[in-house]
Amino acid sequence: MQSLRWEPSKKDSEKAKIDIKSIKEVRTGKNTDIFRSNGISDQISEDCAFSVIYGENYESLDLVANSADVANIWVTGLRYLISYGKHTLDMLESSQDNMRTSWVSQMFSEIDVDNLGHITLCNAVQCIRNLNPGLKTSKIELKFKELHKSKDTAGTEVTREEFVEVFHELCTRPEIYFLLVQFSSNKEFLDTKDLMMFLEAEQGVAHINEEISLEIIHKYEPSKEGQEKGWLSIDGFTNYLMSPDCYIFDPEHKKVCQDMKQPLSHYFINSSHNTYLIEDQFRGPSDITGYIRALKMGCRSVELDVWDGPDNEPVIYTGHTMTSQIVFRSVIDIINKYAFFASEYPLILCLENHCSIKQQKVMVQHMKKILGDKLYTTSPNVEETYLPSPDVLKGKILIKAKKLSSSCSGVEGDVTDEDEGAEMSQRMGKENAEQPNSVPAKRFQLCKELSELVSICKSVQFKEFQVSFQVQKYWEVCSFNEVLASKYANENPGDFVNYNKRFLARVFPSPMRIDSSNMNPQDFWKCGCQIVAMNFQTPGLMMDLNIGWFSQNGNCGYVLRPAIMREEVSFFSANTKDSVPGVSPQLLHIKIISGQNFPKPKGSGAKGDVVDPYVYVEIHGIPADCAEQRTKTVHQNGDTPIFDESFEFQINLPELAMVRFVVLDDDYIGDEFIGQYTIPFECLQTGYRHVPLQSLTGEVLAHASLFVHVAITNRRGGGKPHKRGLSVRKGKKSREYASLRTLWIKTVDEVFKNAQPPIRDATDLRENMQNAVVSFKELCGLSSVANLMQCMVAVSPRFLGPDNTPLVVLNLNEQYPTMELQGIVPEVLKKIVTTYDTMMQSLKALLENADAVYEKIVHCQKAAMEFHEHLHSIGTREGLKERKLQKAVESFTWNITILKGQADLLKYAKNETLENLKQIHFAAVSCGLNKPGTENADVQKPRRSLEVIPEKASDEPGE
């Protein structure tokens, strides 16, 4: 128990020994110079690596275990040894009779009312199930029977000792235990300070104090003793981590949290296709429950295919098919009842009208009588250039349908027909079978009253982009068949995005999808298409994406599109296979730690109760972001599988990305679906999180979850994600700067030329800061995923001398806290202090220069935008023709996007710097490293150079 020995590769085995007392820390991951500089490091799993740091010079013994589980056991055991030395075993023995055991024993006593010293097996099982509802009764019973068998005792009675033993074995999650001892200084519980440190450093909870810590303990700690003393046991910690407070979905997004005052065309709109169908598209039944389900799910665009019905009552079904019919009036009744059940924002009724004039008038009567003043019939303002906002249209129902032209003076007129059913019928080869009039008329009569109900969603036929840019009105909507929309998405991605900045585009599934399968909505969202109509009755990946996507704004049916898709002058191509100009890529680090209570896949009776789970992590977004990685399979354990695998993804357009976790059962016949969870990137909470799994049809699977760790960092440098420790030391010469394009229009090129120096300055300020921060993190023994609070916590033990007096303190009275040496310190500490000083210099340089550089970039952007309106005529005067002129306009848009992006990146870097300073301050106080008398320095008080760069004013370009 006094030293650590190993078999050396060289002969001198006496040197292959480390005294336990000389161990400074046990560090997880590949976070030493030896690991970073080793050629085979990339082949070693981060989760299997750890290092023993020892001696006055902080040398490292770098080790790799065969599995993450083995690494965890070693790390935890060694940390106990360091804390308790020779007394470790005594300590662990005595801790068996601790707070947790007393509490479990108390549970036993409450059942054993007659004080017999034993309870029935049935009661014991029920009690453990109540404390841990995810456990199967059969598993608990089996555990008691195994224990009885090992002790050669028979019968159905359970003693106190047996009850405590089985509870400990079944209700202790090792991965949470390892986490607890990491923050509890190897105690068996977290006190309020430990919990504060966990919440701040790992979970990213702001404004934490002891009161909040105590509230959490009182809410989740099951034992009375723990509640009274302010201690959180392993059971309380598990309860907390499994509670909705620690779910992966950010609760801020559970309510409407986006700007709802933008034009309607700036939002993605949750949309349903042939809402009345509840099965397939050709023979399936029509039912009003289709509308109820869609509206309850937050859908904001439903479809009504209306045809002449018996007794002068219009009916809804898909023409030229064998689908059943429902009465139009009953559908309008249901819509009136549920229109604003899930959202107060506008509902669009897509009317596909095939009725005679007589029945059109009946439709109008029903809509006016039932929907009344909910109908929005205000004529569009020809002086405006954009649609009204969802905010303005709250509580309103919009009709999207054909409309008579303003030149039509009669009570009815001739318009073109839109008929999806006819196309499907032709595909099926079913013309003239069972259905009369199966070939659609190209034009039909429209009555004036119905035309007047259509205001800002007039259906028109799409011709081509250049025609639309010139003649389409902002209140006109085009519908695109999925096949045609895919063609435009692939051949004219830039035009499609620009088209959707002003006009609403509706995409509906190909008529070939007779089985009601769904298209991938991401294929059209990436082009900015707002209304992507889904078959809500068909579960699966595509519907998961749709439901997940619209969860990010209070499930109100509207999601604001990324700024790069809204700004009038911005360059974005939907099919980009690389980073997006003007957008900072993010690195998403996900560790799949464990799973809990996976159910058997439906219909998998053949394998009995055995589940062999593995997890896929999928990224859905623009083509450059689409990726997937999988864990290994854990054999025969669906209850508590441990995966312990880490993945890294580069996300180039975070605002359009989604993360999907899928759990599958590994079976040689065909892998079967267990559960999934889909979440927009913007809704991820970092830290240790539980992911509540859902079934194929979207229901929550009781007690089934994944336990994960999430971290998001910004990528530094270009190309592939950097190798740690290498790009940090990249010289200035190899730095990549954002490049501006030449237009070959002299006056405009001059303006952009002036922008190059401030762009370089902004990049240098940002990257110098980020590189210096990463260098400091590495010296603290942490990866680039860590934050500065975690760094200060990791390094604080090294700053204490043998008698626990600080060797280094932080002067928090300074605007940029300085490290002050207290007497003679080892070289290793001097190196940390020097690196810290370098980091502070880079933080200071950024904060003191950011405003001026930002202003220069914005000034160039404004100056360039002066040319925007007349760019065509200026280019023509300079002698540019057709292709070259078009290229110049594209280059102008690219440059403006780059300038906006660089200004934004500098603004974010400034906020990041302020956050870094705040973390250093709080961590210094929490760890007792602050210079006496400086702990109350107010980090929040306004200082000129700490002001956050203001958001762009409304008169700035692109607004």
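The rules behind these values
Residues numbered from 1 in each chain as written. Predicted model: local features only at pLDDT ≥ 70, side-chain atom pairs only at ≥ 80, totals over all residues. Heavy atoms only, no water. UniProt positions renumbered as here; feature names shortened; annotations may be inferred. Pairing = 2+ DSSP bridges. Helix = DSSP H or I, 4+ residues; strand = E, 2+ residues; numbered from the N terminus. Axes fitted to C-alpha atoms, helices over the stretch in contact; angles between N-to-C directions. Parallel < 35°, antiparallel > 145°, perpendicular 65-115°, else oblique. Left-handed = near helix turned anticlockwise from the far one by under 90°. Contact = heavy atoms within 4.5 Å. Nonpolar A, V, L, I, M, F, W, Y, C, P; charged D, E, K, R; others polar. Buried < 20%, exposed > 50% of the residue type's maximum accessible area, 1.4 Å probe, protein only. Polar contact = N/O pair within 3.5 Å; in protein donor to acceptor, adjacent residues only side chain to side chain. pLDDT = per-residue confidence, 0-100. Core = buried A, V, L, I, M, F, W, Y, C linked by side-chain atoms within 4.5 Å. Domains from an automatic or database assignment. Expected span 1.5 Å × (residues − 1). Phe/Tyr/Trp six-rings, centres within 6.5 Å; stacked < 30°, edge-to-face > 60°.

The protein chain goes by Phosphoinositide phospholipase C in an unreviewed UniProt entry, where it is assigned to Myotis davidii. The annotation that UniProt attaches to the protein chain under Catalytic activity (unreviewed entry) is "a 1,2-diacyl-sn-glycero-3-phospho-(1D-myo-inositol-4,5-bisphosphate) + H2O = 1D-myo-inositol 1,4,5-trisphosphate + a 1,2-diacyl-sn-glycerol + H(+)". In its Subcellular location (unreviewed entry) section, UniProt records this for the protein chain: "Cytoplasm".

Once that is clear, we can look at the sheet that holds strand β4 (residues 49–54). Taken in spatial order, the three strands line up as β3-β4-β5 in an open sheet, and their pairing is antiparallel. The outermost strands of the open sheet, each flanked by one partner alone, are β3 (23–28) and β5 (59–64). In this sheet, neighbouring strand axes are inclined to one another by 20° on average, regardless of whether the strands run parallel or antiparallel. Relative to β5, β4 runs antiparallel, the two being bridged by six bridges.

A separate point is the packing of helix α24 (residues 746–779) against helix α25 (residues 788–795). Where α24 meets α25, the closest approach of the two axes is 9 Å, and the angle between their N-to-C directions is 30°. Our classification of the angle between α24 and α25 gives roughly parallel. In this structure, α24 meets α25 at a crossing whose hand is left-handed. Of the residues in α25, those in contact with Val773, Phe776 and Lys777 of α24 are Leu788, Cys791 and Met792. Among the residues forming the contact of α24 with α25, the class breakdown is five nonpolar, no polar and one charged.

On to the side chain of Glu618, then. Here Glu618 lies in strand β24 (residues 613–620). Residue class for Glu618 comes out buried when judged on its relative accessible area of 12%. A polar atom in the side chain of Glu618 sits 2.9 Å from the side chain of His620. If we ignore the near neighbours within four places in the chain, the residues touching Glu618 are Leu541, Ala627, Glu628, Met658, Val659, Arg660 and Val662.

Another point: the confidence of the model for the protein chain. Counting all residues, the mean pLDDT for the protein chain is 87, and 89% of those residues have values of 70 or more. The secondary structure element of the protein chain with the lowest average pLDDT is helix α16 (residues 420–428), at 59, and the one with the highest is strand β22 (residues 558–560), at 98. For the stretch residues 430–441, pLDDT sits under 50, and the model shows 22 contacts to residues farther than four places along the chain or on other chains. Within the model, the stretch residues 937–959 combines pLDDT values under 50 with 46 contacts to residues more than four positions away or in other chains.

Before going further, it helps to spend a moment on the pairing of strand β28 (residues 672–680). Judged by how many residues are buried, β28 sits mostly within the fold: seven of nine residues are covered. Across eight bridges, the pairing between strand β27 (residues 658–665) and β28 is antiparallel. The residue of β28 that forms the bridge with Val662 is Gln676.

Quick look at the environment of Ser379 now. With respect to the helices and strands, the residue Ser379 is situated in the loop between α15 (357–371) and β15 (397–400). In the structure, Ser379 is positioned 96 residues away from Trp475 in sequence and 9.6 Å away in space, judged by C-alpha atoms.

Turning next to the nonpolar core. In terms of nonpolar packing, the biggest core is built from 77 residues, with Tyr291, Leu304, Ile335, Leu349, Leu351, Met367 and Phe480 touching the most fellow members. Residues from two domains meet in this core; each of domain 3 (264–421 + 443–565) and domain 4 (586–714) gives at least three. Sequence-distant contacts of Ile335, defined by excluding residues within four places in its chain, comprise Tyr291, Leu295, Val302, Leu304, Leu347, Leu349 and Ile397.

For helix α7 (residues 160–171), which comprises 12 residues, the first-to-last C-alpha distance of 16 Å matches the rise-based estimate of 16 Å (1.5 Å per residue) to within 8%. Of the residues making up α7, those classed as buried are Glu162, Phe163, Val164, Val166, Phe167, Leu170 and Cys171. Against α4 (99–111), β6 (118–120), α5 (121–131), α6 (137–150), β7 (157–159) and α12 (234–242) lie the buried residues of α7.

Under the defined criterion, the tally for this structure stands at 35 aromatic pairs. Where Tyr345 meets Tyr558, the ring centres are 6.3 Å apart and the plane angle is 65°; that geometry is what we call edge-to-face. With Tyr345 in the loop between α14 (328–338) and β14 (347–353) and Tyr558 in strand β22, this pair connects stretches of sequence that are 213 residues apart. No difference in accessibility class separates Tyr345 from Tyr558, as the two residues are buried. With centroids separated by 5.9 Å and ring planes inclined at 65°, the aromatic side chains of Tyr614 and Tyr616 adopt a geometry described as edge-to-face. The exposure class assigned to Tyr616 is partly exposed, which follows from its relative accessible area of 22%. Each residue in the set Phe462, Phe465, Phe469, Phe480, Tyr488, Phe496, Tyr499 and Phe503 is aromatic and connected to the rest through ring pairs, giving one cluster.

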